[in-house]
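Chain by chain, the residues run as shown.
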Amino acid sequence: MRNRSNSGVRLDYFQRLINKTILKFQNPITGLFGTTEHDSHAWVRDNVYTIMAVWGIALAYRKNADLDEDLAKAYELEQSVVKLMRGLLRCMMLQVDKLEKFKKTQSTKDCLHAKYSSQTGKTVVGDSEWGHLQIDATSLFILYLAQMTAAGLQIIYTLDEVAFVQNLVFYIETAYRTPDYGVWERGDKTNHGLPELNSSSIGMAKAALEAINEVDLFGARGGPASVIHALPDEAQQCQAILHSMLPRESNSKEIDAALISVISFPAFAVDDIEIIKKTRQEIEDKLMGNYGCRRFLRDGYKTAREDPNRLHYEPWELLAFEKIENQWPMFYAFFILDGLYRGDTESVEKYKALLDPVITRTDDGNLYMPEMYSVPKDKVDMEIRSRDSQKRERTGKMLHLWGQSLFILGRLIDEKFISPGELDPLNRRLITEPRPDVVVQVVVIAEDIMMQSLMAEQGIAVQTVSQVAPIQIYPARVLSQIYSLLGKNKSMGLTGRPSSEIGLLATSKLYILQDQILAFIPQFIDQHQFYLALDIDFLVDTMKNTMEDLARNWRMMGRPTFVCTINTSMLDHNQKLPSSLVGTIKKLQSGYIAGTRVHLGDMGDFVSTSCITKLSFVNTDTQYAGQDSQISDFLGDVLKKACPRPRLLSLGKKASRSYRHSSIRGIVRRSRSIAVNAEDIPALHAQLQQRGVNLGLTSPNSPGPALSFALRKLEKGAKKSRRKGIVETTLPRINTSEELAHPHLKGNGRSPMCTPNRSPVQSPMGSPKAQHRLWPFMDKFNNDSSYNNVDVHELVDQLSQSENLNEQADIIHYLYIKQGPNWDTEVDGKSCTVRELLVELYEKAGHWKQWWLVRHAAGMLKKRVEDLALAATDLLVRQKQLSVGLPPDREKIITGPLPPDELAAIIYESCGDDLSTASLTQEILIYLAMFIRTEPKLFKEMLRMRVGLIIQVMASEMSRLFKCSGEDASDHLLNLSPYELKMMLHHILSGKEFVITTVMNEYDDEYKFSVVSKQSRQETSAFASKLSRKGPLNQKMPSVTVQSPPSAAGKPEIEDEMEDRQGQWLRRRRLDGALNRVPVGFYTQVWKVLEKCHGLSIGSHFLPHSLTREMTSGEFKFALQVERVLNMIPQPEYRQLMVEALMVTTLLVEGDCRINLSGQVLNVDKIVQQANSIFIKEQNISSEVVNHSTGSAGICLHLYDTAPSGRYGTMSYLARALAVFMNIGDHQNLECNIS
């Protein structure tokens, strides 16, 4: 008999240790581990971590076998691992109905349970009795199912189990936007059952998605049916959110020790070395102690000050736990494993030395990892005075199985029984290794021979769709339909993949389906989805950004292949290729675009170098023998021509006579709710009068004839509006014959799809003119007597004869609201629903680039932009809150990520019947997300994005720039192309000077808007010199100019330049107020004031002193409380003046001016009103001018339009008002330089 080697003896020691400390607790029936011998609750996460040591020693025995008995031990231990993993799988499969529900709802009530009975495998608490939604636990199970399967263990036995695991992948793939209860099961650290978006959950889900992708769960004996698929875009989205959050764990936890499991073993989810170092350092600096790590700051779990009779904490109570949080020694084991995987011997030795004294040694020589160490009750005060100064005592379980497993695993690796790579057969530890530069392969394909010849004229050689055969080219929605078959299982009631969205990474691969090679066009190019792809300039701009994203995020074997088709819808109205498109393709030919290496070529040249995936799950299960026909039917629908039936809407020039006098005329326009504030009417009055004074046209008290006429007309219109209860901001204008007819298209009544050479004539820049109401029009629809006598059948006849786009839009809108989308119009004797007519109207409007109608029709069709949920999440995880809808009545606040359909429903609800604004809201959310990803500095000191207010401010900008009414401004805004709207938003956010040019298109009889930065030195110098004649300006304030339409070209140049100066600071305050921008350190300063006084009164709301006891000065929750009160102020300029007033109050608690505020309530409104009175008195403004220049909240418009700093700045007046309010000495000679 052979002698045992020294290594064999040592290995036997670890096996005995595992048997006595771990395997003795494994239930022989279910294979699960209870927390103790007397507690049968088995947590999913704890069980997976616990079995890792058993798997590790099984690998060690197989690797270091001295005897045949060692191989037998290895097999025995491996079966214990299989037993545990299958036990967890069985528990989850018993909840298959909850899994199916959760894929659609992401609700905490529909999630899989976090713990089960170790004796029966059944649930142990109710759905609402525990924080069950713990995505990190499910992700950890999937991650180690993949790792263990790759190492050779057979865990999955049947195809039903494969289908269930596939659906578990769908369960976790939305982790980047699903708040959960996190590793510690508490959610928000007050433990009130509030789920949060947790970095640890997102990171573990990202690791699991990458690990399980294309793993055959049957191992070497498997086939196509047992392979798991995970779309790469889901993992990439998790990574993007994770990188933006780290080192923060959640909104309530600035750092968490659990993040060590994300940046290192076992997840290895982060590939950015700097983020890894920063997160590790934050954990060590803020959480590391002498007995282990604190879980997170102010963690009260089982501390001496915790009330054991309740689970939750009161907000003010958290401060009591600071510096006495319990320390968990298992995190030393995590850091030892981290050092072993990094090859950092110094770190390993450091944490081994720290761990050794806190490990418990039993009488029989076994080493136990205790759960935690706490500060004794009698030493709490001394510990608070000096952190880590007191000796702690063991608390909780004497043997913590999770920590024990990690401790043994670290010893096995440290003593060379196994290597780090053996526990990581999928090589996740190599994620930070540098990768070679990615070259993006680009294939441009012409739709047909005509498009190919047009490209050839520009010197660009491309293939047609038919010429790339046998490779098939399809839109992304085809791939979405194919993937919807993934994971379906009738016997278990599983419906497969729930999402219809396919990301960029997925469409950048080639696919093999039944011996055919398929390539897919990215979703953002698909014009059948949201309308953004109809704008070629936006498409080209997005394409450039796409190349950079592909190169940065590509992780797969082979190169990404980007496919773009050029079709007739991309041609301009002269049937030419747009210059922006041609220029972009020629840049691609150069080999570089936007700093990214690209290779433009034919599809056939790239097959051998592309990433190729086999769609092996299609038609592999006998119970889905009809899958072939499903796919064939869908492909047939996709390949149908764009005009499956004769078009029913005519083209023409004139509106019918009956339409001109019809009550439905202008119904689309009346459904809008975008408005420039009614209080701008006196603002315009004051500006007109002031301009007359400045230009020397007349004396202030004797306006000239033209000015007087304009003012009388303006006042008359305002009074008329007030009598009707309508808020209207229109400037007087003359009705024209064109306005009565609204001619739009000329032609013989054929479809634009069939007559591409037609072009629109005299197309309005907005929808038909009508009075504008603040309330949603259709709320009053059924009560409006003017619609009672409308005969819908006569309208259908009128529609069949109409040749006017506006008339068609109004009729279809009325029919949609009155009769419903499925009502059969029987237009021209053909069966045709209102929805079908609406789809045709949408397509026609898109063809002619009538963006106001495109947006309205898209809203009626309830279209949703593909990346809506991701866009909202991108903003939310960066500590920005969102609100949609117009304040104050319809504004809805979004504080956490939501599923796409739920988010879209909130947007449509908040916009009411204003469907155009609903579409515009989605657009702006997409643009804001684009900017925060690429230019986060634009959002500095902005806590909440109020999209409704941003839309109002953009309309105000259009009104100011084009000197038109608010009603016309909303028309201009809605008719901006997506690209120009994006550019305008960017300039507003950045504060740069910009110019809006209106150019008459030589092919269309209408103006085209273009937003460009003002870059000309001569232009800027001239602009500055003109302004200098009026006095000094704050140079930080951006200015905006506009090149007016030809009709305005005759105005004096100086008049336009002076108008740029007029209202400059009013405009800035309105912009900053709408964007919720505050000064640096604003919330911390407010906290300091609130700490000294009894409270702050802002409007009708009150901020109490008690907030300072509940929250720290830098806590995100405190900022949200202040922001909530400020957002109750509907006027953005008044809100911003209140912010300035709050900054002035900080003078009371800082510097040399320290005043006792104890017991006092600072009324900020009174301070602002007092400043207004001082301003009016000091400026000697007459009562008549005051009446004409009163703005929001009764504040003089001239005060709004005053710079903050300087002797006569608003801050100076506010400081003097504060002195009056506080009865502070002489306040006449104050100068304030606070900015």
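Rules and cut-offs
- Residues numbered from 1 in each chain as written.
- Predicted model: local features only at pLDDT ≥ 70, side-chain atom pairs only at ≥ 80, totals over all residues.
- Heavy atoms only, no water.
- Phe/Tyr/Trp six-rings, centres within 6.5 Å; stacked < 30°, edge-to-face > 60°.
- Helix = DSSP H or I, 4+ residues; strand = E, 2+ residues; numbered from the N terminus.
- Buried < 20%, exposed > 50% of the residue type's maximum accessible area, 1.4 Å probe, protein only.
- Lys NZ or Arg CZ within 6 Å of the ring centre and 35° of its normal.
- Pairing = 2+ DSSP bridges.
- Axes fitted to C-alpha atoms, helices over the stretch in contact; angles between N-to-C directions.
- Contact = heavy atoms within 4.5 Å.
- Salt bridge = Lys/Arg side-chain N within 4 Å of Asp/Glu carboxyl O.
- Patch = residues over 30% accessible without salt bridge, like charges linked within 9 Å, V, L, I, M, F, W, Y side chains within 5 Å.
- Areas by Shrake-Rupley, 256 points an atom, 1.4 Å probe, with all protein chains shown as cover.
- Lys, Arg positive; Asp, Glu negative; His and termini not counted.
- Charge placed at Lys NZ, Arg CZ, Asp CG, Glu CD.
- Parallel < 35°, antiparallel > 145°, perpendicular 65-115°, else oblique.
- Left-handed = near helix turned anticlockwise from the far one by under 90°.
- Nonpolar A, V, L, I, M, F, W, Y, C, P; charged D, E, K, R; others polar.

1. What to know about the packing of aromatic side chains
Now for step 1: Overall, the coordinates contain 27 aromatic pairs when judged by the stated rule.
Now for step 2: Taking the centre distance of 4.4 Å and the plane angle of 35 degrees together, the rings of F102 and Y171 count as tilted. A residue pair is termed long-range when its members are at least 10 positions apart, and F102 in helix α4 (residues 96-105) and Y171 in helix α6 (residues 159-172) qualify at 69 residues. Here F102 and Y171 have matching classes, each one buried.
Now for step 3: Their ring planes at 55 degrees and their centres at 5.9 Å tell us that F538 and Y927 sit as a pair that is tilted. With F538 in helix α18 (residues 536-553) and Y927 in helix α33 (residues 915-934), the pair connects residues that are 389 residues apart, well separated along the chain.
Now for step 4: For F538, a relative accessible area of 5% gives the class buried.
Now for step 5: Among the aromatic residues, those joined into a cluster by ring pairs are Y49, W184, Y301, W328, F331, F334 and W402.
Now for step 6: Directly above the aromatic system of F296 lies the positively charged group of K253, at a separation of 5.4 Å from the ring centroid.
Now for step 7: The ring of Y908 has K862 lying over it, and the distance from NZ or CZ to the ring centre is 5.0 Å.

2. A closer look at the sheet that holds strand β28 (residues 1161-1163)
Now for step 1: Strand order across the open sheet formed by three strands is β27-β26-β28, with mixed pairing between neighbours. Strand pairing shows two members of the sheet lacking a second neighbour, β27 (1101-1104) and β28, which therefore form its edges. Neighbouring strand axes in the sheet, compared pairwise and without regard to direction, differ in orientation by 20 degrees on average.
Now for step 2: With four bridges joining them, strand β26 (residues 1095-1098) and β27 adopt antiparallel strand pairing. Counterpart to L1096 in the pairing with β27 is L1103.
Now for step 3: Packed on one face of the sheet, helix α40 (residues 1082-1092) meets β26, β27 and β28 and runs near 120 degrees to β26.

3. Details of the pattern of salt bridges
Now for step 1: Enumeration over the complete set of coordinates arrives at 49 salt bridges.
Now for step 2: For E891, the salt bridge identified is with R946, shortest N-O distance 2.9 Å. Here E891 is found in the loop between β20 (881-884) and β21 (892-894), whereas its partner R946 is found in strand β22 (residues 944-946), with 55 residues between them in sequence. Here the two residues E891 and R946 agree in accessibility, since each one is buried.
Now for step 3: Each of the salt bridges in this network shares a partner with another, and the network as a whole consists of R280, D338, R342 and D344.

4. Points about the sheet that holds strand β19 (residues 612-614)
By way of backbone hydrogen bonds, the strands of a sheet pair with one another, either parallel or antiparallel.
Now for step 1: The strand order across the open sheet formed by four strands is β11-β15-β14-β19, and the pairing between neighbours is mixed. Both outer strands of the open sheet, β11 (472-475) and β19, are each paired with one neighbouring strand and no more. Each strand axis lies, on average, 35 degrees off the axis of its neighbour in the sheet, ignoring direction.
Now for step 2: Relative to β19, strand β14 (residues 510-513) runs parallel, the two sharing three bridges.

5. Considering a negative patch on the surface
Now for step 1: Negative charge collects at one region of the surface, where D791, E794, D797 and D828 lie side by side.
Now for step 2: With respect to the helices, strands and loops of the structure, E794 is situated in helix α27 (residues 792-801).
Now for step 3: Residue E794 is classed as exposed on the basis of its relative accessible area, which comes to 55%.

6. Some remarks on the packing of α33 against helix α36 (residues 978-990)
Now for step 1: For the pair α33 and α36, interaxial distance at closest approach is 10 Å and the crossing angle is 55 degrees. Classified by the angle between their axes, α33 and α36 sit oblique to one another. For α33 against α36, the interelement crossing comes out right-handed. In this structure, α33 uses L920, E923, I924, Y927, L928, M930 and F931 to contact α36, whose residues at the interface are P978, L981, K982, L985, H986 and L989.
Now for step 2: For the contact of α33 with α36, a count of residues per class yields ten nonpolar, one polar and two charged.

7. Describing unusual backbone geometry
For residues that are not glycine, phi is negative in most cases, and the peptide bond is trans in most cases.
Now for step 1: Residue P247 follows L246 across a cis peptide bond; omega there is 5 degrees.
Now for step 2: Here F265 and P266 are connected by a cis peptide whose omega angle stands at 5 degrees.
Now for step 3: For D515, which is not glycine, the phi torsion reads 70 degrees and is therefore positive.
Now for step 4: Of note, D515 is situated in the loop between β14 and β15 (516-521).
Now for step 5: For D515, a relative accessible area of 77% puts it in the exposed group.

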